[in-house]
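Structural overview
Chain residues, written in single-letter form:
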Amino acid sequence: MSYPKRLIEVDLPIKRISAHARREKSIRHGHISTLHIWWARRPLAACRAVICAALWPDPADPDCPAAFRKRAASEMQRWATHDRQSLLSEESRSRFEKARKRPELFKDAEELRSALLDFIADFANWDNSTVKEYLDTSRALTQAAHEALGGTPGTRPLVVDPFAGGGSIPLEALRVGADAFASDLNPVPVLLNKVVLEYIPKHGQRLADEVRKWGEWIKQEAETELAEFYPKDPDGATPIAYLWARTIQCEGPGCGAEVPLIRSLWLAKKSNRSVALQLVPRPRAKRVDFQIITKQRGGWVNQNDPNEKVADPKFDGTVKRGSATCPCCGYTTPVARLREQIKSQRGGANHACMFCVVTTKAGEQGRAFRSPVERDLKVVQKSRQELQRRRKAHSGKISLVPDEQVDIRGVRHTWAMIYGLNSWGDYFTDRQLLALTTLTRLVEEVAIKTAKGHEVGLGVATQTILALGVSRIADIANSLCTWKPSMTQAIHLFARQAVPMTWDFAETSLLSDAAGDYGTTIGNMLRILEGELAVGGNGKAEQSSACEHRLPDDSVDLFLTDPPYYDAVPYAYLADFFYVWLRRSLGRSYAELFAAPAVPKDAEIVVDRPHELSNSTHDIAFYERELTRAFAEGRRVAKPEALGTIVFASKTTASWEAILKAVVDAGWIITGSWPIDTEMETRVSAQGQARLASSVHLVCRPRENPDGSVRTDEVGDWRDVLTELPRRIHDWMPRLADEGVVGADAIFACLGPALEVFSRYSRVEKASGETVPLGEYLVQVWAAVAKEALTMIFTGADATGFEEDARLTAMWLWTLKTGDANGADREVGEEDHGDEEENGKKGGSGGLALEFDAARKIAQGLGAHLEDLGTLVEVAGETARLLPVADRAQSLFGKDGGKAASVHKKRGPQMELFKGAQDSDQTEATFGDTKVEKAGATVLDRVHQSMILFAAGRTEALKRFLVEDAAGNDTRFWTLAQALSALYPASTDEKRWVDGVLARKKGLGF
Ligand SMILES: C[S@@+](CC[C@H](N)C(=O)[O-])C[C@H]1O[C@@H](n2cnc3c(N)ncnc32)[C@H](O)[C@@H]1O
């Protein structure tokens, strides 16, 4: 049976939706992402647009029910009035203005489709998400579509997300007038979804009022109880953060000094303010003191005595790559010994030394820095004693302080544990534990006080939000929070998707009336509650595995989900950090959800990359098998006419192959795919690495017989598939380019259309009757994509005229290209306090890196073999690097050329993309009296030779090479140089050099 296509199977305004999705990432206040940390949240903009386009039929489809077409036309016509038009974007307005003048316009089904797509694009805007007119229209269209497509009048379509995470998809389903069912294996997101889908719609403003009332009560009680542990300064200043360094004992011969582990000595590093520490060794006393210095017009001075100048201030701390150098004797305690010492202190948070107190004062701007005094240390001692007392007095079923063990299988992501942070309580100082256990107890008290309320469930809903507030505080009140001098503030732990070790840390005051205290946290959460009051409907959130749903067969209208992306986020290992606190504050109210000591991990569908300390069996086979089960379960619950949409993003070919196989094997046909760019413009992941801005939305339909079994009778001919594949790619690539999707994003975005061709059939057979496995098809897909990309790169030129090294280089550079919309700047973590020992291992040695398998497949597709291109590409482990041109000097100019190449240090942005992540020193190659003994064998070699000559300032040699040696007579030389100029990342040496060569072209008569 055929069903009318939904809009998403025909078109989607991805560029406009992407722009809204990117913008939304910078919205902090009132956005559900700020309710609590959850990783890899989908932007609401993308979810909203996709749900509308997946629920609403395409009015231009011949099978579209007339009732929907009629309703859609009348709804769109309402937007033609001046009043409504003012709510539309510039891009949409002209169409509606036309409709105002010609009311019959939307009788044209194509115009109507365009109007709906315009509406969807505008509704994706965060600013419109609570505007009544947008909500009314979307809900009317959702209901009309549902009923026109056979839904029982009065019911609503059901949208299901079994990997619900932070709940973006089900929240947006409710917003546009559908019912939503959200489930997740992990108890933390289950709670988040309960708040958003059940509690806010059910209790509305009353919930906000209760949270405000009891939040204030907890704040007051906590302040009274904890005030003595966070005293104000005698001059009225309020300490907002205490800065600490873990310590070891120097193992240098005869030294034994206490060495503070501190990475950088900066305290404030802003355009208008510079404050730092200086280490003052006290060898006799076997310790190190600190002096605070500040920069004034005349230079650096002692903060306490501005007349005392500091001539040669130092800013590097004591630790580098995991080993620590003693300021007293200069001895460097090696990594292994440092780790042993910290391990024996269970991570050392309670053996740390306080080196600075950051304060604010009413009526004074900015933050002040002072040295700790006796009083500061005394209250720390007092809090330790008080915690001890409470621990002894505690009689609850579970310990006062979380003693649950950190799961060793997550060590790749939670590697702080190798420093002896074995239980989750070890991640906090005693004072932090005192404060967090106090808040946790107060939340439980609220539960008791509100238990007899009049409104069923309101008490638990209130308690849940208050408990999430405490859990949020744990994120900024632990001993892995770092101090960020450029912002003069503490950075919460989960700014990264990891639990890395940090040597120095910032302990924020929980009573400072600033970000990170309980009152402010609850205030921010209230903004979300009150912002989302317009979202009503029937929502349900449950804990369950995506592989085993309790929903009946054929009950779901839209199966829309965003499964874990392979090994990208280790949700369960990270979520334990929060779970242990929520278990203490909510365990009684959600007995089942919090029965276990830790988040369930065995059934979590992620890949755990191997680690010597981990015995995890979550390999790629597990991931593929379990995803297949989850998608098959999705198909079981989906109605025969339902749509599935699966969101995925990954830059590894293996993970793409796994997910596509799972979709196809689970009995879905891919009928469309859309990349939506969701990355903020300033973010680029790793330097010189292919990065992804987009996630691809794979649109699917169940491949089913009327009885629900998977159809197996549609057999495709391999030759037909192979003929259609390049055509599909050829049609799709230019559209992607138009929408700003390029490079690796475009490569992966081609998988959808490619799979449309293949998954249309139950199986594809060769003439011999042999079934073609998906893997074999994908080899053809990579080749077709590479070939198509190459024709786009060498527009107007025959790419086959180039040798394989040129084709591979061009394709490689194109793959690493990012869309204009995304910029190419990276976030420079100048004060990245990460565990350097761990980070140090990641240091690359320059060049443009691609995942090895992706590089291999691209090469294969171009008829090249990486192993034959040793002077161009270097393979190390899972990474392949396109060598910087400078590194090719020796192979291109022979031994002497190599020798002649000298390297001098230079700082600056020039070769950023070509350097390893940890090395900020830039190098520039200079080439002495380089003589071109022999022109390179290929066009690429010759272009690179000329670039090197240009870089060396060897103008005459370059001229001889191009004119007398005739390298420039080959038109391919200039075509390739031109293409490379467009492909080398801006502000790299390569770009500058190739442009330098091109600039000589005319002058030399070419
Ligand atoms: C990519 S996240 C979903 C993010 C979500 N769309 C959002 O916007 O926040 C994937 C989710 O799958 C969950 N998950 C992993 N394995 C699961 C399983 N077997 N069953 C149900 N959920 C699972 C994880 O806990 C995680 O929340």
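That block above? That's the structure.
Owing to the predicted nature of the structure, the values given are computational and were not obtained by experimental measurement. (Residues numbered from 1 in each chain as written. Predicted model: local features only at pLDDT ≥ 70, side-chain atom pairs only at ≥ 80, totals over all residues. Heavy atoms only, no water.)

1. Quick notes on the sheet that holds strand S6 (residues 273-282)
Spatially, five strands are ordered S5-S6-S7-S8-S9 in an open sheet, and the strand pairing comes out antiparallel. Edge positions in the open sheet fall to strand S5 (266-270) and strand S9 (305-309), since each of these has one partner strand only. Neighbour to neighbour, the strand axes of the sheet diverge by 40° on average, direction disregarded. Across four bridges, the pairing between strand S7 (residues 287-296) and strand S8 (residues 299-302) is antiparallel. If you follow Lys 295 over to S8, its bridge partner there is Trp 300. (Pairing = 2+ DSSP bridges. Helix = DSSP H or I, 4+ residues; strand = E, 2+ residues; numbered from the N terminus. Axes fitted to C-alpha atoms, helices over the stretch in contact; angles between N-to-C directions.)

2. A closer look at the packing of helix H21 (residues 774-793) against helix H22 (residues 804-815)
One way to put it is that H21 packs onto H22 with a least axis distance of 10 Å and a crossing angle of 90°. Considering their axes alone, H21 and H22 lie roughly perpendicular with respect to each other. Residues Ala 786, Ala 789, Leu 790 and Ile 793 of H21 touch H22, and the partners they reach there are Arg 807, Ala 810, Met 811 and Trp 814. For the contact of H21 with H22, the residue count by class is seven nonpolar, no polar and one charged. (Parallel < 35°, antiparallel > 145°, perpendicular 65-115°, else oblique. Contact = heavy atoms within 4.5 Å. Nonpolar A, V, L, I, M, F, W, Y, C, P; charged D, E, K, R; others polar.)

3. Focus: helix H15 (residues 571-586)
Counting along an α-helix, one turn takes 3.6 residues, and residues three or four places apart therefore face a common direction. Of all the bends in H15, the greatest, near 45°, is centred on Phe 577. Within H15, 16 of the 16 residues are buried, which leaves it mostly tucked inside the rest of the structure. (Bend = angle between axes of the 7 residues up to and from the residue. Buried < 20%, exposed > 50% of the residue type's maximum accessible area, 1.4 Å probe, protein only.)

4. Points about the pairing of strand S27 (residues 879-882)
Pairing of strand S25 (residues 848-851) with S27, which is carried by four bridges, proceeds in the antiparallel orientation. What sits directly across from Glu 851, in S27, is Thr 879. Sheet topology places strand S26 (residues 873-876) next to S27; four bridges connect them, and they run antiparallel. Pairing of Val 875 across the sheet is with Ala 880, part of S27. As consecutive antiparallel partners, S26 and S27 are separated by two residues, and within that stretch Gly 877 has a phi angle of approximately 60°, a positive value.

5. Some details on helix H2 (residues 44-55)
An ideal rise of 1.5 Å per residue puts 16 Å on 12 residues; H2 measures up with 16 Å between its terminal C-alpha atoms. When we look at burial in H2, the residues that qualify are Leu 44, Ala 45, Ala 46, Cys 47, Arg 48, Ala 49, Val 50, Ile 51, Cys 52, Ala 53, Ala 54 and Leu 55. (Expected span 1.5 Å × (residues − 1).)

6. With respect to the layout of surface pockets
Here the second largest pocket defines a volume of roughly 790 Å³. Forming the walls of the second largest pocket are 26 residues, and the residues nearest its centre are Lys 5, Glu 9, Ile 669, Thr 671 and Arg 701. Listing elements by their share of the lining of the second largest pocket, those giving two or more residues are strand S21 (668-677), strand S22 (694-702), helix H18 (718-738) and helix H20 (751-759). Ranked by residues supplied to the lining of the second largest pocket, first place goes to S21 with six residues. (1 Å grid on protein atoms, 1.4 Å probe; cavity = no way out; pocket = protein on both sides within 12 Å on 5 of 7 lines; lining within 4 Å. Points joined across faces, edges and corners; volume = space filled by probe spheres on them.)

7. A few points about empty space enclosed by the protein
One pass over the full model with this rule turns up nine cavities of 30 Å³ or more. The volume enclosed by the largest cavity comes to roughly 350 Å³. Along the walls of the largest cavity sit 31 residues, with Phe 163, Gly 165, Asp 184, Pro 564 and Tyr 571 positioned nearest its centre. Sorting the residues of the lining of the largest cavity by element identifies helix H8 (168-175) and H15 as the ones contributing at least two each. For the lining of the largest cavity, a count of residues per class yields 18 nonpolar, seven polar and six charged. Approximately 70 Å³ is the volume attributed to the second largest cavity. Forming the boundary of the second largest cavity are Lys 219, Ala 222, Glu 223, Leu 226, Ala 435, Leu 439, Leu 510, Leu 511, Asp 517, Tyr 518 and Gly 519. Contributing elements (two or more residues each) for the lining of the second largest cavity: helix H9 (187-226), helix H12 (430-450) and helix H14 (518-531). Considering each element in turn, the lining of the second largest cavity owes the most residues, four residues, to H9. For the lining of the second largest cavity, a count of residues per class yields seven nonpolar, one polar and three charged.

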